[in-house]
Amino acid sequence: MSTIFTLSIVQSALELGIIYALVALALFISFSLLNIADLSTDGCFTLGCAVGACVTLAGHPFLALIAAMAAGVCSGFITAFLQTKMGVESILAGIIVNTGLYTINLAVMGFSSTMNLFSCDTIFSLAKGVSEASWYQSWYKIFVVVVIIALVALFLGWFLNTRLGLSIRATGDNPDMVKASSINPAFTITVGLCVSNSLTGLSGCILAQYQKSCDINIGTGQVTIALASLIIGSTLIHKGSILHRVIGVVLGSCLYRFIVAVALRLNVPAECLKLVSACIVAVAISFPYLKGKYQFWQQRRAKERAYQKGGGKAC
């Protein structure tokens, strides 16, 4: 076991888990709160990655974060516009936007399938020079992503408890009640998807600077991975305040990355990694259902034992 859980494996899982947790938080808003299956996540993640890489190459790594979030807002607005103004179903709207973003992402990347950032500064390389302490030089990447995720978590904890945030949460629970309360559900859906996709774009930008590269297919499968992280997090912390649930999503994302890291450490062939990821997603999604079935089976067994002890008389 010591050869599986090395310090480098733990560091890498934590770093990637926190970065991808932003996508899981995006689905927390769209899927859990708004009850919308936003399938534009894959394309939006690549969009944030591409826009962030371009701005970073121009010498503005911090501005790249804002630009990627702005690009995500645009993606979310178009998805919401198709749903609320054009009458397109949410799933179809996400598919349409995701399809269109492929060409847009190629255009942003100069019609090249890859970009590299090895010749420019990133938020990580700038943070590395803050201190010469040995412990900091080993953990500075985690320090950067923890600061970012903490700011995002605090923002969501505040925003989703404001009047607008409560309206967004109510829209997912009962849109008819929201409409009867003189609140425009089209507006709350638009704001919710814009905030959601801004987090997805931010995640893509951070990943681009983290690995100093961007690929046109980097967003493939992000929606399923984020959904698995979200469900794992909901299983860990399924009750409590918004901030507690946000922390649960982050923990779920890190746990998912640990599982993937262990699979890689067990010499799973690279060509089988997608299959391993699919299995993890399937188990994570079905776990709440299987847990409920197991509890029901336990209760039934307890009643059968009580019935037998009572001599066949109903208790």
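Residues numbered from 1 in each chain as written. Predicted model: local features only at pLDDT ≥ 70, side-chain atom pairs only at ≥ 80, totals over all residues. Heavy atoms only, no water.

Trainee: Any chance you could explain the overall build of the chain here in plain terms?
Mentor: Along the chain, the regular secondary structure elements total 12 helices and two strands. At 22 Å, the chain has a C-alpha radius of gyration in line with the 20 Å of a compact globule built from 315 residues. In the chain, the proportion of contacts linking residues at least 24 apart, taken out of those at least 6 apart, comes to 77%. Summed over its atoms, the accessible surface of the chain is roughly 15900 Å², and 66% of this surface lies on carbon and sulfur atoms. In the chain, 20 side chains carry a positive charge and 11 a negative one; their mean positions are 15 Å apart. (Helix = DSSP H or I, 4+ residues; strand = E, 2+ residues; numbered from the N terminus. Rg over C-alpha atoms; globule rule 2.2 N^0.38 Å. Contact = heavy atoms within 4.5 Å. Areas by Shrake-Rupley, 256 points an atom, 1.4 Å probe, with all protein chains shown as cover. Lys, Arg positive; Asp, Glu negative; His and termini not counted. Charge placed at Lys NZ, Arg CZ, Asp CG, Glu CD.)

Trainee: What should I look at first to understand the packing of aromatic side chains in this one?
Mentor: For any pair of aromatic rings, the description rests on two quantities: the centre-to-centre distance and the angle between the ring planes. Counted by the stated rule, this structure contains nine aromatic pairs. Measuring from ring centre to ring centre gives 6.4 Å for Phe 77 and Phe 81, while their planes differ by 25°; the resulting arrangement is stacked. Of this pair, Phe 77 and Phe 81 both sit in helix H3 (residues 61-84), separated by four residues, roughly a single helical turn. With 6.1 Å between their ring centres and 25° between their planes, Tyr 294 and Trp 297 make a pair best called stacked. Of this pair, Tyr 294 and Trp 297 both sit in helix H12 (residues 273-309), three residues apart, roughly one helical turn. We classify Tyr 294 as partly exposed; its relative accessible area is 46%. Exposure remark for Trp 297: the relative accessible area of 41% places this residue in the partly exposed category. (Phe/Tyr/Trp six-rings, centres within 6.5 Å; stacked < 30°, edge-to-face > 60°. Buried < 20%, exposed > 50% of the residue type's maximum accessible area, 1.4 Å probe, protein only.)

Trainee: Looking at this structure, how should I read the pattern of salt bridges?
Mentor: It is possible for side chains of opposite charge to pair when their charged atoms get near one another. Enumeration according to the criterion identifies one salt bridge in this entry. The closest approach of N and O atoms between Glu 304 and Arg 301, which form a salt bridge, is 3.2 Å. With Glu 304 and Arg 301 both in helix H12, this residue pair falls three residues apart, about one helical turn. (Salt bridge = Lys/Arg side-chain N within 4 Å of Asp/Glu carboxyl O.)

Trainee: It is not clear to me how the side chain of Asp 38 should be interpreted in this structure. Could you clarify?
Mentor: Of note, Asp 38 is situated in the loop between helix H1 (7-33) and helix H2 (41-57). For the buried Asp 38, no salt bridge exists, and the shortest N-O distance to an oppositely charged side chain is 17 Å, to Arg 245. At a separation of 2.6 Å, a polar atom in the side chain of Asp 38 contacts the side chain of Ser 40. With sequence-adjacent residues up to four places away left out, Asp 38 is seen in contact with Ser 30, Thr 79, Gly 94, Leu 193, Asn 197 and Val 223. (Polar contact = N/O pair within 3.5 Å; in protein donor to acceptor, adjacent residues only side chain to side chain.)

Trainee: What exactly am I supposed to notice about helix H9 (residues 185-211) here?
Mentor: Residue pairs spaced three or four apart in an α-helix point in one direction, given the helix's 3.6 residues per turn. If you check H9, its first and last C-alpha atoms are 39 Å apart, about what 27 residues at 1.5 Å a residue would give, namely 39 Å. Burial of H9 is extensive: 25 of the 27 residues sit out of reach of the surface. The residue sitting at the N-terminus of H9 and contributing the capping side-chain oxygen is Asn 184; that oxygen lies 3.1 Å from the backbone nitrogen of Ala 186. Remark: Lys 212 follows H9 within two positions and exhibits a positive phi of approximately 55°. (Expected span 1.5 Å × (residues − 1).)

Trainee: When you look at unusual backbone geometry in this model, what are you seeing that I'm missing?
Mentor: Peptide bonds are mostly trans, and most non-glycine residues show a negative phi. Phi is positive for Phe 111, which is not a glycine, with a value near 55°. Following the sequence through the fold, Phe 111 ends up in the loop between helix H4 (90-108) and strand E1 (114-116). Judged by its relative accessible area of 63%, Phe 111 is exposed.

Trainee: Just to check I follow, could you spell out a nonpolar patch on the surface for this structure?
Mentor: The grouping of Leu 154, Leu 236, Leu 243, Ile 247, Leu 251, Leu 255 and Ile 259 at the surface amounts to a nonpolar patch, some 580 Å² of accessible area in total. Among the elements that line the nonpolar patch, the one with the most residues is helix H11 (residues 242-265), at five residues. Position of Leu 243 among the secondary structure elements: in helix H11. Using a relative accessible area of 34% as the deciding quantity, one classes Leu 243 as partly exposed. (Patch = residues over 30% accessible without salt bridge, like charges linked within 9 Å, V, L, I, M, F, W, Y side chains within 5 Å.)

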